[in-house]
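Remarks on the overall topology
Each chain, letter by letter, is given below.
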Amino acid sequence: MAEKKFYLTTPIFYPNAKLHMGHAYTTTLSDVLVRYHRHFVEEKTYFLTGSDENTQKMVDSARKEGKEPLVFLDEIVDKFSGLFKTLDISYDQFIRTTDQQAHWPGAIALWNKLVESGDIYKKEYEGLYCTGHEAFITEKDLVDGKCPDHGTVPERIKEENYFFRLSRYTEDIRKKIISDELRIVPATRKREILSLFDEGLQDVSFSRPRKADWPQGLGVPVPGDDSQVMYVWCDALSNYITALGYGRDDALYQEFWATNENRMHVIGKDILRFHAAIWPGMLLSAGLPLPKTILVHGFITSGGKKMSKTLGNVIDPEELLSEYGTDAVRYYLARHISPFEDGDLTREHFKEVYNADLANGLGNLSARIMQLAQTHLEKGTEPEWAGLPEEYTRALDGFEVNKALEFVWHRITLLDQKITETAPFKVVKTDLEAGKKIIFDLTQELYRIAQLLYPFMPEANIKIKEAIIANKKPENLFPRKD
Ligand code: MSP
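Residues numbered from 1 in each chain as written. Predicted model: local features only at pLDDT ≥ 70, side-chain atom pairs only at ≥ 80, totals over all residues. Heavy atoms only, no water.

Here we take up the overall build of the protein. Within the protein one finds 18 helices and 16 strands. In terms of C-alpha radius of gyration, the protein reaches 25 Å, essentially the compact-globule figure of 23 Å for 482 residues. Counting only C-alpha atoms, the protein reaches 90 × 55 × 40 Å along its principal axes. Relative to its 482 residues, the protein shows a buried fraction of 56%. The long-range fraction of contacts in the protein, counting pairs at least 24 apart against all pairs at least 6 apart in sequence, stands at 77%. Averaging the positions of the 61 positive and the 73 negative side-chain charges in the protein gives two centres separated by 2 Å. (Helix = DSSP H or I, 4+ residues; strand = E, 2+ residues; numbered from the N terminus. Rg over C-alpha atoms; globule rule 2.2 N^0.38 Å. Buried < 20%, exposed > 50% of the residue type's maximum accessible area, 1.4 Å probe, protein only. Contact = heavy atoms within 4.5 Å. Lys, Arg positive; Asp, Glu negative; His and termini not counted. Charge placed at Lys NZ, Arg CZ, Asp CG, Glu CD.)

Pasting the structure below:
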């Protein structure tokens, strides 16, 4: 049988500021799913992330710091990879949309396909452009003349652009979403996007006149018209296949997109329309296969409010990582934020969860068992692979990473109770062999728990397993925080 494949992408991030908690969330959720597929489902996986660079807001941020945009970009992208390294994100490729070798040929090839299908046409257009969204918004979206999401006054733009005939694909896309040929998860998001189709999809402005203050190398040129660059969402969405070599050396594209049934995008709820309407429209126009699944997660708030500098409730992922470590941050995001709804994070709640679930929970349990093992057992062991519990695979196959962890924590609680009930520390005094057998069994269950933690907490996974094999105490995994 042919080896099974799994392709997963994160959104590509805007490099106008450093990454925040929401970005850390989307990437961690993605990484958990990929690690599960790579390690346990034993599929050949490909995990893509990257940065969305051809944007006005990046140019604005660079100028504000007195930096050349391309220099500014390199610095920010370095910070992105730094954060992903600390978060232990196991991506295979980081695509940058200013990459003229990796990205541009594919973006241009795709554009040419849309032209061949007769879906690109020129039109004079006037509208309100919000740089925050990198999209046109309408008069009725405004509150006090400002974009309600970004609090900025949009720019009135009148220019001649190339348009993409998205309207033509309304019915095709709608049918595919209804039938789950293009699966939108969860169902609430599927309903939400379908209601957009009721009004019919509008054609989209797909290019912008090249701006005088944009350096060479920024903005993918429209083929045959150097005065225009591609609209940033047109160029950005294509990253999902350009990174695989579409339009240049397309072996990976064939392997992970064209012939692979298991290809998915993870995105946040704010960019659903781009992924479930514009992107499928582009692919249909080009005669290319659509993604199979789009997993749409909610937003992270803090104390029920959007994180913002003015409210002073911004939590920097770097700050949590340096205080609590990689596994703790991954744990919180995977367990305590639902992948399907909005979730909340405060410093207080993080600490509470850390002390309860990690310091007193997993950390304490490992220390207790390994103390007993080290004192009473002669050597360490490694149990036979017992396969994955059904509750665990069912949760992860349905993207419910929080449920999978709930299941693991239930096993942790049971194991804790088992120590109390079987009291091996007493038994060894009266019947040494019986006591040793109990302790041995405890180590074996602890080992299995560590195995199940692999997609979520790669460090604890290794440390606990190593301690059991070497029959030694693991270092203090999660020191209590006061
Ligand atoms: N560049 C576009 C995506 C292009 S994909 C072809 C973009 N970038 S972004 O940097 O603004 O956002 C990246 C992701 O972070 C999006 O999926 C967005 O939903 C997510 N989040 C941004 N803020 C968030 C929260 N507060 N909480 C959770 N995720 C959030 O959009």
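Resuming the write-up.
Moving on, we come to the sheet that holds strand 10 (residues 221–222). If you walk across this open sheet you meet the 3 strands as 9-11-10, and the pairing is antiparallel. This sheet does not close on itself; its edge strands, each paired only once, are strand 9 (207–209) and strand 10. In this structure, strand 10 lies alongside strand 11 (residues 225–230), joined through 2 bridges in antiparallel fashion. If you follow proline 221 over to strand 11, its bridge partner there is valine 229. (Pairing = 2+ DSSP bridges.)

Moving on to the side chain of serine 51. Here serine 51 shows up in strand 2 (residues 44–51). Among the polar contacts listed, one links the side chain of serine 51 to the side chain of glutamate 53, at a separation of 2.6 Å. Excluding residues that lie within four positions of it along the chain, serine 51 makes contacts with Ile12, Phe13, Pro15, Val77, Phe80, Phe94, Ile95, Arg96 and Thr97. (Polar contact = N/O pair within 3.5 Å; in protein donor to acceptor, adjacent residues only side chain to side chain.)

What follows deals with the packing of aromatic side chains. Counting across every chain of the model gives 32 aromatic pairs. Put simply, the rings of Tyr7, Tyr46, Tyr240, Phe256, Trp257 and Trp279 touch in pairs and so form one group of aromatic residues. For the cation-ring pair, arginine 208 lies above tyrosine 129, with the distance from its terminal atom to the ring centre recorded as 4.4 Å. Above the plane of the ring of phenylalanine 274 lies arginine 273, whose end atom (NZ or CZ) is 4.8 Å from the centre. (Phe/Tyr/Trp six-rings, centres within 6.5 Å; stacked < 30°, edge-to-face > 60°. Lys NZ or Arg CZ within 6 Å of the ring centre and 35° of its normal.)

Before going further, it helps to examine the side chain of asparagine 54. Along the chain, asparagine 54 turns up in the loop between strand 2 and helix 2 (56–64). Given a relative accessible area of 2%, asparagine 54 falls into the buried group. Separated by 2.7 Å, the side chain of asparagine 54 and the backbone nitrogen of glycine 219 make a polar contact. In this structure the side chain of asparagine 54 is engaged in a polar contact, spanning 2.8 Å, whose partner is the side chain of aspartate 235. Those residues in contact with asparagine 54, other than ones at most four positions away along the chain, are Thr97, Thr98, Trp214, Gly217, Leu218, Gly219, Val220, Val232 and Asp235.

We now examine the pattern of salt bridges. This structure, assessed with the given rule, holds 36 salt bridges. Of the charged contacts in the structure, one is a salt bridge between arginine 168 and aspartate 119, with a shortest N-O distance of 2.5 Å. Here aspartate 119 lies in the loop between helix 4 (104–116) and strand 4 (120–130) and arginine 168 lies in the loop between strand 6 (155–164) and helix 5 (170–178), a separation of 49 residues in the sequence. According to the relative accessible area criterion, aspartate 119 is buried, its value standing at 0%. Of the charged contacts in the structure, one is a salt bridge between arginine 368 and aspartate 416, with a shortest N-O distance of 2.9 Å. (Salt bridge = Lys/Arg side-chain N within 4 Å of Asp/Glu carboxyl O.)

Where helix 13 (residues 347–376) contacts helix 15 (residues 401–422), the two axes come as close as 11 Å, and the packing angle between them is 45°. In terms of axis orientation, helix 13 runs oblique to helix 15. With respect to the hand of their crossing, helix 13 and helix 15 are arranged in left-handed fashion. Residues Asp357, Leu358, Gly361, Leu362, Leu365, Arg368 and Ile369 of helix 13 form the contact with helix 15, whose participating residues are Trp409, Ile412, Leu415, Asp416, Ile419 and Thr420. Considering only residue class, the contact of helix 13 with helix 15 consists of 8 nonpolar, 2 polar and 3 charged. (Axes fitted to C-alpha atoms, helices over the stretch in contact; angles between N-to-C directions. Parallel < 35°, antiparallel > 145°, perpendicular 65-115°, else oblique. Left-handed = near helix turned anticlockwise from the far one by under 90°. Nonpolar A, V, L, I, M, F, W, Y, C, P; charged D, E, K, R; others polar.)

Attention shifts here to the pairing of strand 4. Across 10 bridges, strand 4 lies against strand 6 in antiparallel orientation. Residue pairing for strand 6: glutamate 126 is matched across the bridge by lysine 158. In this structure, strand 4 lies alongside strand 5 (residues 135–137), joined through 3 bridges in antiparallel fashion. Following the sheet pairing, leucine 128 is matched in strand 5 by isoleucine 137. What sits between strand 4 and strand 5 in their antiparallel hairpin is a turn of 4 residues, with glutamate 134 showing a positive phi close to 50°.

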